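Below, each chain spelled out in residue letters.
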Amino acid sequence: MDATDRLKKRIDTLQSLIEQHITPDEAGSQPGVSVYPPIYPPIYQGLEALRQAMTTPRLVINIVGDAPTAVSQLQATMVANEALRQHYKINAASIPAEDTPSAIASVPILKLQPHPQPATASGQAEETIYGLSQLSQQIIGRNPAAAQILLGDSLTLVSGRHAEMQLMDGCWHVRDLESRNGTFINGSGQRLQGWQALQVGDRISLGSPASAPGSASFVYAETPVEPTKPPSVGMSSINTLAATLNCNVLCIILDLEKPPTAAVQALFKQSGKAGHITEIVVVGDSSATSSSQADSTINWLQQQTFSVPVNYKQILKPAPSSPVVTAIQPSPGESTALEAFIESLSKLAKRRFDKLFADRIKAQIATLAAIVEQQIVSQKLSLQEAIAQLNNPSTTSLPPDFKETAREAQRKVSSDKDWFFRQVKNELMQAKADILNDFKNSSITNKLSQFIGSMSTQTSKQKGAYCMRLHAPDGNANVHEQTMALISSELASWVQHEWEKVAITHVSRGFQGLVEQSRETLKIAPALTLPPTLFAPLQTIDPYQDLQGSLVAHETESRYPKQNILSYLLKNLRGQLFGIVGLLSIVGGGFGIISGGRNTLMLIAAPVVIIFLCFAFLKERKANQAQAEEKLKKETLTYYQSIAKDMADRQVRRLTAALELEDRKFKEALEQVAKVYVGFVSKAEQSKKENNAQLKDYDAQLNAIEKDCSMLQRLQTGI
């Protein structure tokens, strides 16, 4: 099989791979609809263009420059040469604008350099190009079972697994695989140790640093490629950087009187990486023989990454491992140099036509294969990521013993709930006992006692009796209203305080803590989502509810009989008088002090007795008044304490009913959790079935991609 047949077979292989990813319409002239990346149809069409180009093979010369007249003149001069027309397609255009970094990519290649001694039948030693792939290991050696870049057995200094290439951090690296004769970089006599980053133009020598017989020497190069617009063969216009570099000979016409533009700099940077370009010719277009700007431009040219110097007086010979960078100046005095250059191109085509044409086709195939590789690698990574996601235990399966864990979580939360509400009710009853405890200063009964004890009284005469009425400390006669206001205020504050304790204090952190702990306990799987409104917040209690009702006002006045001093004297004077007279008679008669009759004694004792009885009357009336006041306040206190106790009981019953309602709502929430668990299990089992089916489909796609990778790897290894 000759070189042309091998190239056609590689095109067939790559087209066969692409046909699996596009519809029949997409492969032809009419675009179709495809779920695959839209890059595939243009690649397929680019391969068809390569196939057509091989039917009438020609080399390509691209002439570019910013001076249209000079470009046209050089093109006309070359086209006028019949020998060039037979072998070359000669294109001309302006220097393309600088492409954005995303538009220009580089295809990494290794060029196996021939030894000086062997040569082909045409007298020129053959050069072999190998594409580098990210799809698999890139082992260089002579072992067919291990090497992707397989070398011939005649290279006896090369081991079976000699060296490895790998893309790391966006840069290709090489290392020696403990080979027998070592790996060397750029002719250095020191054996390579560890990974070495490569730059375009680096020489990798296997077995000998000096290209001894039996060794192998590679040059690392990169072929520019425009990923979204695959370069075509036989182009009529070259308006992109990648298309400009798709040639065998590149002629660049520069105005030496102007500094290099960004487009010129980009062109030189990329052309220095183009491994398939045989010659790069720089034509200096300058009206002046010499100027500071022209010298500066020439200096810049000489600093570019080409191994031969820039000279504007003669055609330079090819330098090893790089394209020929030739400088000519089409001035009247240099026509001989131009003719010699054209003649050299004609001889080059006659001597190496097949090799140069094949190299360019290989470069284009490598370019298109690299684009396909990028798509395949992207699809493979996407599939692997999707498979990893489906295999993630948190999303594809139930946690171990989920059902038992769910039952245990529900039992624990239910038990915590029952204990919480039981404890809260007990603490509520204790709080009620405390607020009604007469011996606690803060109790409502104690405050009632102080309030009623501080009341004043007013006494008035009404129909032969005294009427005593209580007045509040501020003098208000409406004792019932103020006393009930005190009771309502104290009970309302107590209710509000106790309900706040239920919410955030009772039993550790209250109802809020119970809800938070329950949510944490019930969240038994990362993928499980509990409804945000699962546990409703504690209801709001109006502290004044049932405290504003109308109650019968207690009678806060008391009546006691009115005593007349005259009646009191008449009632008590005779008895007191006879008692005193008798006493005086006994005492006085015995000592002979008092003489006279009984009447005389009575006249003497009467004034004293009357005065004594008046004082006794006043004292008794005051005692009766105090007794009546004490009795009235005691009855009033007893009445309102019983009201306070009754109202406290009603508030406790109201709070207890509210707690029971919260208990029922919590039970309903747990029933909802049970339904959520059942739904989660059902959904997880269904998802597992769907995931298994999806995984099966993804595995089939991945297997197909692996086959594509193997096919592409074999193709790239042979390029």
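Conventions we followed
- Residues numbered from 1 in each chain as written.
- Predicted model: local features only at pLDDT ≥ 70, side-chain atom pairs only at ≥ 80, totals over all residues.
- Heavy atoms only, no water.
- Helix = DSSP H or I, 4+ residues; strand = E, 2+ residues; numbered from the N terminus.
- Contact = heavy atoms within 4.5 Å.
- Areas by Shrake-Rupley, 256 points an atom, 1.4 Å probe, with all protein chains shown as cover.
- Salt bridge = Lys/Arg side-chain N within 4 Å of Asp/Glu carboxyl O.
- Buried < 20%, exposed > 50% of the residue type's maximum accessible area, 1.4 Å probe, protein only.
- Polar contact = N/O pair within 3.5 Å; in protein donor to acceptor, adjacent residues only side chain to side chain.
- Pairing = 2+ DSSP bridges.
- Core = buried A, V, L, I, M, F, W, Y, C linked by side-chain atoms within 4.5 Å.
- Phe/Tyr/Trp six-rings, centres within 6.5 Å; stacked < 30°, edge-to-face > 60°.
- Disulfide = S-S within 2.5 Å.
- Expected span 1.5 Å × (residues − 1).
- Axes fitted to C-alpha atoms, helices over the stretch in contact; angles between N-to-C directions.
- Parallel < 35°, antiparallel > 145°, perpendicular 65-115°, else oblique.
- Nonpolar A, V, L, I, M, F, W, Y, C, P; charged D, E, K, R; others polar.
- Left-handed = near helix turned anticlockwise from the far one by under 90°.
- pLDDT = per-residue confidence, 0-100.

1. Remarks on the overall build of the protein
Line of reasoning, step 1. Assigned secondary structure in the protein consists of 16 helices and 18 strands.
Line of reasoning, step 2. Partitioning the intrachain contacts of the protein with sequence separation of at least 6 by distance along the chain shows that 70% fall at a separation of at least 24.
Line of reasoning, step 3. For the protein, the computed accessible surface area is about 36700 Å², with 52% contributed by carbon and sulfur atoms.

2. Points about the pattern of salt bridges
Line of reasoning, step 1. Counted by the stated rule, this structure contains 21 salt bridges.
Line of reasoning, step 2. A salt bridge links Glu 404 to Arg 407, with the shortest nitrogen-to-oxygen separation between them at 2.8 Å. Linking Glu 404 with Arg 407, this pair stays in helix H11 (residues 402-435), spanning three residues, or about one helical turn.
Line of reasoning, step 3. Judged by its relative accessible area of 39%, Glu 404 falls in the partly exposed class.
Line of reasoning, step 4. Residue Arg 407 is classed as partly exposed on the basis of its relative accessible area, which comes to 43%.
Line of reasoning, step 5. Asp 646 is the salt-bridge partner of Arg 650, the closest N and O atoms lying 2.5 Å from each other. Of this pair, Arg 650 and Asp 646 both sit in helix H16 (residues 598-718), four residues apart, roughly one helical turn.

3. Here's the deal with the side chain of Arg 654
Line of reasoning, step 1. Assignment of secondary structure puts Arg 654 in helix H16.
Line of reasoning, step 2. A distance of 2.8 Å separates the side chain of Arg 654 from the backbone oxygen of Asp 542, its partner in a polar contact.
Line of reasoning, step 3. What Arg 654 contacts, discounting residues up to four positions off in sequence, is Val 495, Ile 541, Asp 542, Pro 543, Gln 545 and Asp 546.

4. A word on the pairing of strand S17 (residues 465-471)
Line of reasoning, step 1. Extensive coverage of S17 is indicated by the burial of six of its seven residues.
Line of reasoning, step 2. The loop that links strand S16 (residues 456-462) with its antiparallel partner S17 comprises two residues; one of these, Lys 463, has a positive phi angle of about 50°.

5. Considering the nonpolar core
Line of reasoning, step 1. Core analysis: the largest hydrophobic core is formed by 62 residues, its most contacted members being Ile 487, Leu 522 and Tyr 677.
Line of reasoning, step 2. Among the elements that take part in this core, H16 stands out by supplying 20 residues, more than any other.
Line of reasoning, step 3. Among the nonpolar cores identified, the runner-up in size contains 54 residues, and Leu 17, Ile 342, Leu 390 and Leu 712 belong to it.

6. As for the packing of aromatic side chains
How two aromatic rings sit relative to each other is set out by the distance from centre to centre and by the angle between their planes.
Line of reasoning, step 1. Summed over the entire model, instances satisfying the criterion amount to ten aromatic pairs.
Line of reasoning, step 2. Summarising the aromatic geometry, the rings of Phe 268 and Trp 300 are spaced 5.2 Å apart at their centres and angled 80° between planes, so their arrangement reads as edge-to-face. Taken together, the residues span a long stretch of sequence, with Phe 268 in helix H7 (residues 262-271) and Trp 300 in helix H8 (residues 292-302) at a distance of 32 residues.
Line of reasoning, step 3. Taking the relative accessible area as the measure of exposure, Phe 268 reaches 2% and is therefore buried.
Line of reasoning, step 4. For Trp 300, a relative accessible area of 17% puts it in the buried group.
Line of reasoning, step 5. Taken together, the ring pairs connect Phe 420, Phe 421, Phe 511, Phe 535 and Phe 666 into an aromatic cluster.

7. Notes on the side chain of Ser 205
Line of reasoning, step 1. Residue placement: Ser 205 occurs in strand S11 (residues 203-206).
Line of reasoning, step 2. Sequence-distant contacts of Ser 205, defined by excluding residues within four places in its chain, comprise Gly 182, Thr 183, Phe 184, Ala 216 and Ser 217.

8. Quick word on unusual backbone geometry
Line of reasoning, step 1. At Asn 186, a residue that is not glycine, the phi angle is positive and equals roughly 55°.
Line of reasoning, step 2. Position of Asn 186 relative to the elements: it lies in the loop between strand S9 (183-185) and strand S10 (196-197).
Line of reasoning, step 3. Positive phi is not limited to glycine here, since Ser 211 has a value of about 55°.
Line of reasoning, step 4. Within the fold, Ser 211 resides in the loop between S11 and strand S12 (216-225).

9. Here we look at the sheet that holds strand S6 (residues 149-150)
Line of reasoning, step 1. In spatial order, the strands read S6-S5-S7-S8-S10; together these five strands make up an open sheet with mixed pairing. Lying at the two open borders of the sheet, with one neighbouring strand each, are S6 and S10.

10. Here we look at H7
Line of reasoning, step 1. Buried residues dominate H7, accounting for seven of its ten residues.
Line of reasoning, step 2. Within the span of H7, buried status applies to Ala 263, Val 264, Ala 266, Leu 267, Phe 268, Gln 270 and Ser 271.

11. Concerning the environment of Ala 485
Line of reasoning, step 1. Among the structural elements, Ala 485 can be located in helix H13 (residues 479-504).
Line of reasoning, step 2. Classification of Ala 485 as partly exposed rests on a relative accessible area of 45%.
Line of reasoning, step 3. Measuring from C-alpha to C-alpha, the distance between Ala 485 and Leu 547 comes to 9.2 Å, with 62 residues separating the pair along the chain.

12. Considering the state of the cysteines
Line of reasoning, step 1. In total, this model carries zero disulfides according to the counting rule given.
Line of reasoning, step 2. With no disulfide of its own, Cys 247 lies closest to Cys 251 among cysteine sulfurs, the gap being 8.4 Å.
Line of reasoning, step 3. The class of Cys 247 is buried, set by a relative accessible area of 0%.

13. Quick look at helix H3 (residues 40-55)
Line of reasoning, step 1. With 16 residues, H3 should reach 22 Å at 1.5 Å per residue; the first-to-last C-alpha distance of 23 Å fits that figure.
Line of reasoning, step 2. Listed in full, the buried residues belonging to H3 are Tyr 40, Pro 41, Ile 43, Tyr 44, Gly 46, Leu 47, Leu 50, Ala 53 and Met 54.

14. Focus: the packing of H13 against helix H14 (residues 510-522)
Line of reasoning, step 1. Two elements in contact, H13 and H14, have axes separated by 1 Å at closest approach and are oriented at 20°. Overall, the two elements H13 and H14 adopt an arrangement that is roughly parallel. Contact residues: H13 offers Lys 501, Val 502, Ala 503 and Ile 504, while H14 offers Gly 510, Phe 511 and Gln 512.
Line of reasoning, step 2. Of the residues contributing to the contact of H13 with H14, the split by class is four nonpolar, two polar and one charged.

15. Considering the packing of helix H12 (residues 444-453) against H13
Line of reasoning, step 1. It is the contact of H12 with H13, at a shortest axis distance of 11 Å, that shows an interaxial angle of 155°. Between H12 and H13, the angle is such that the two are roughly antiparallel. Regarding H12 and H13, the two cross each other, and that crossing is right-handed. Contacts between H12 and H13 involve Ile 444, Lys 447, Leu 448 and Phe 451 on the former and, on the latter, Gln 482, Thr 483, Leu 486, Ile 487, Glu 490 and Leu 491.
Line of reasoning, step 2. A class-by-class count of the residues in the contact of H12 with H13 yields six nonpolar, two polar and two charged.

16. Considering the confidence of the model for the protein
Line of reasoning, step 1. Here the protein averages 78 in pLDDT, and 78% of its residues register 70 or above.
Line of reasoning, step 2. pLDDT under 50 marks residues 100-105. Its contacts with residues more than four places away, or in other chains, come to 15 contacts.
Line of reasoning, step 3. Contacts from residues 117-125, a stretch scored under 50 in pLDDT, to residues over four places away or in other chains number ten contacts.

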